[in-house]
Amino acid sequence: MKTGLLCLCILITICTSASHQRRKFPEDFLFGVSTAAYQIEGAWNEDGKGENIWDYGIHNGVGNIVDMSNGDVAADSYHNYARDIEMMRELGIDVYRFSLSWSRLLPSGFADNINEAGIAYYNRLIDELLKYNITPMVTLYHWDLPQKLQELGGFANPLLGNWFEDYARVVFRSFGDRVKLWITFNEPREICLDGYGSDNKAPFLNAAGIADYICAKHLVIAHAKAYRLYVNEFKSTQKGKCGITFGVSSILPLTDSEEDRLAVELRRQGDLGIYTNPIFSKEGGFPKEFAERVAMKSSEQGYQRSRLPEFSDKEKEFVRGTSDFFGVNHYGGSFLSATDGIDDRVPSLNNDAPVAYHTPDDWPKSVSSWLMQMPNSLNITLARLHADYNNIEFYVTENGWSTYKGLNDDDRVRYFRAAWESALDAIEHGVNLKGYMAWSLMDNFEWAQGYSERFGLYEVDFEDPARTRTPRKSAFIYKNLLKTRYVDHDYEPENYIMSIDEGH
Ligand code: BGC
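Predicted, not measured: the structure shown is a model, and the values here were computed from it.

Draft legend 1. Structural detail: the state of the cysteines. Summed over all chains, the structure comprises 1 disulfide. Across a sulfur-sulfur distance of 2.0 Å, Cys 192 and Cys 215 are joined as a disulfide pair. Taking the sign of the S-S torsion, about -70° here, the bridge from Cys 192 to Cys 215 comes out left-handed. Residue Cys 192 is found in helix α9 (residues 188-195), and its partner Cys 215 is found in helix α10 (residues 211-238); the two are separated by 23 residues along the sequence. We classify Cys 215 as buried; its relative accessible area is 0%. Lacking any disulfide linkage, Cys 242 is separated from the closest cysteine sulfur, that of Cys 192, by 18 Å.

Following this line, the structure appears as structure tokens:
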């Protein structure tokens, strides 16, 4: 009897852990890969493309790229897009998220001169995707503003919203018959904080605590203009969805002290809330505590008005509720504690909402200084967003890990498996997660890190004029996930030969 009971207990334990291991992603869950125009396309001045802020910044020595490289050729996807799609078929993905180069379509940024060769390129790409049943998810802006618009102030100019709306109209009109998933902006925080508040990304403006906040307001208004344009002029016939994607890390208080907790919440508002609240919160506008903090600091610093602009009631109303889904780019996280910000630059976000970062020594480290593997962090991030902005549909629009060159990327495999389990946890806890896109299909120009950090499921040989692509181990592991729809921690590819399965 006792032995029987013991056997039963063992059986139940085995079944429960087996079923836990075998948790499946829903059948209609969309798996994909992501890329961005400047990081992969190359052909920087071909067929009428205009200059963008990365072309200009790097060619003119304004931007500092660690390996002195640029995106002039990158992975040369402008010429290799058919091979890219072949790789997607090898993986068996459902959706491809890529971005359009604004200056390839509108060389000066304005809609008076449409570059037909640019339209033709994206038509070829979209048609080839659809031929193989791969759904395009298209980002309108992934960091490459036409240089001519930058010369007029870029995101610091309140007219940015009009320029973006005009560009969006050309895009929806040209491709909306076939593209049903739109993302207006990729990572507002990185556009504004890194590009305007520091010199880490184009346009390398480095006007912290001022330009980044002005950018935030103009960006969300531009987003809302494009969204409303889609709803008013295109949605009823094209029947697609339009959203926006944010870079969201898991940030948790280091201790349970009130001080750490408040510091994290304030920082969360400054890092994320200034972009998400105007769109997704009930009250609209910038988050209250953060706005009060910046107003107070500005006045102490002798400014006549807050460095953080305000939204009028009309503007709040215009921006509120303008997204059909919430895109999340998630990589990692850290613990944060309160500090006095005394050593931080004045003015700056760091000084307005000061925090210190902590990461335990035993968390795996990637080759990117900012990327460490926090346990279960995708679920932590999604659960918090789900609680803040309930009932929203989520897509993980990027998730990935960096390595050096080399095909054996066990670190990436370990990271991905943990992230997929974490995504399953989120689904189990009721998060309305509709899809997951790995960053990235292949190695590409990693912004200020050039080609020194690799994020690809496929390795790209940047020395080779043909930019040959070769699958890494992680590509086979991802392919297996897509086939089985569960995370098989024991799966080892039998051989390293990639082929297209039937039906793709
Ligand atoms: C960006 C990508 C970038 C990736 C890795 C994301 O923030 O959207 O363009 O390559 O992170 O750094």
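Draft legend 2. Structural view of the packing of helix α16 (residues 410-428) against helix α17 (residues 473-484). At their nearest, the axes of α16 and α17 sit 8 Å apart, and the two run at 25° to each other. Regarding the angle of α16 to α17, the classification is roughly parallel. Handedness of the α16/α17 crossing: right-handed. For the pair formed by α16 and α17, the contact residues are Asp 410, Arg 412, Val 413, Phe 416, Arg 417 and Trp 420 on the first element and Lys 473, Ser 474, Ile 477, Tyr 478 and Leu 481 on the second. Of the residues belonging to the contact of α16 with α17, the class tally is 6 nonpolar, 1 polar and 4 charged.

Draft legend 3. Local environment of the pattern of salt bridges. Counted under the stated rule, the structure contains 38 salt bridges. One continuous salt-bridge network, built from bridges that share partners, spans Arg 23, Glu 421, Asp 425 and Glu 428.

Draft legend 4. Up close: helix α12 (residues 288-300). Between its terminal C-alpha atoms α12 stretches 18 Å, which fits the 18 Å expected from 13 residues at 1.5 Å a residue. When we look at burial in α12, the residues that qualify are Phe 290, Val 294, Lys 297 and Ser 298. All buried residues of α12 lie within an arc of 100° about the axis, which places them on one face of the element. Residues of α12 that are exposed and point more than 90 degrees away from the buried face comprise Lys 288, Ser 299 and Glu 300. Against α10, α11 (258-280) and α14 (349-352) lie the buried residues of α12. Trailing α12 by a residue or two, Gly 302 shows a phi angle of about 95°, which is positive.

Draft legend 5. Summary view of the site of the ligand. Around the ligand sit 13 residues, and of these Gln 39, Glu 187, Glu 398, Glu 446 and Trp 447 come closest. At 3.3 Å from an oxygen atom of the ligand is found a side-chain nitrogen or oxygen belonging to Trp 439. Glu 446 is positioned such that a nitrogen or oxygen atom in its side chain is 2.4 Å from an oxygen atom of the ligand. Notes on the ligand: free accessible area 310 Å², of which the protein chains cover 93%. In a pocket analysis with a 2 Å cut-off to the grid points, the ligand is assigned to the largest pocket.

Draft legend 6. Spotlight on the sheet that holds strand β9 (residues 355-358). The strand order β6-β8-β9 describes an open sheet built from 3 strands, whose pairing is mixed. Strands at the two margins of the open sheet, each flanked by one partner only, are β6 (250-253) and β9. Going from strand to strand, the sheet's axes swing by 40° on average, the running direction of each strand aside. Across 4 bridges, strand β8 (residues 333-338) lies against β9 in antiparallel orientation. Along β9, the bridge assignment pairs Phe 335 with His 358.

Draft legend 7. The layout of surface pockets, seen in detail. Of the volumes computed, that of the largest pocket is approximately 1400 Å³. Lining the largest pocket are 49 residues, with Arg 189, Glu 190, Asp 194, Ser 249 and Trp 370 positioned closest to its centre. Mapped by element, the contributors of at least two residues to the lining of the largest pocket are α9, α11, β8, α14 and β9. In terms of residue class, the lining of the largest pocket is built from 17 nonpolar, 18 polar and 14 charged. Computed from the structure, the second largest pocket encloses a volume of approximately 490 Å³. Only α11, α12 and α15 (377-388) provide two or more residues apiece to the lining of the second largest pocket. Considering every element that reaches the lining of the second largest pocket, the biggest residue donor is α11, with 7 residues. Of the residues in the lining of the second largest pocket, the class split is 9 nonpolar, 7 polar and 9 charged.

The rules we used
- Residues numbered from 1 in each chain as written.
- Predicted model: local features only at pLDDT ≥ 70, side-chain atom pairs only at ≥ 80, totals over all residues.
- Heavy atoms only, no water.
- Disulfide = S-S within 2.5 Å.
- Helix = DSSP H or I, 4+ residues; strand = E, 2+ residues; numbered from the N terminus.
- Buried < 20%, exposed > 50% of the residue type's maximum accessible area, 1.4 Å probe, protein only.
- Axes fitted to C-alpha atoms, helices over the stretch in contact; angles between N-to-C directions.
- Parallel < 35°, antiparallel > 145°, perpendicular 65-115°, else oblique.
- Left-handed = near helix turned anticlockwise from the far one by under 90°.
- Contact = heavy atoms within 4.5 Å.
- Nonpolar A, V, L, I, M, F, W, Y, C, P; charged D, E, K, R; others polar.
- Salt bridge = Lys/Arg side-chain N within 4 Å of Asp/Glu carboxyl O.
- Expected span 1.5 Å × (residues − 1).
- Arc of directions from axis to C-beta.
- Near = heavy atom within 4 Å.
- Polar contact = N/O pair within 3.5 Å; in protein donor to acceptor, adjacent residues only side chain to side chain.
- Areas by Shrake-Rupley, 256 points an atom, 1.4 Å probe, with all protein chains shown as cover.
- 1 Å grid on protein atoms, 1.4 Å probe; cavity = no way out; pocket = protein on both sides within 12 Å on 5 of 7 lines; lining within 4 Å.
- Sits in = over half its atoms within 2 Å of the grid points.
- Pairing = 2+ DSSP bridges.
- Points joined across faces, edges and corners; volume = space filled by probe spheres on them.

Remember, this is a structural readout, not a statement about activity or role.
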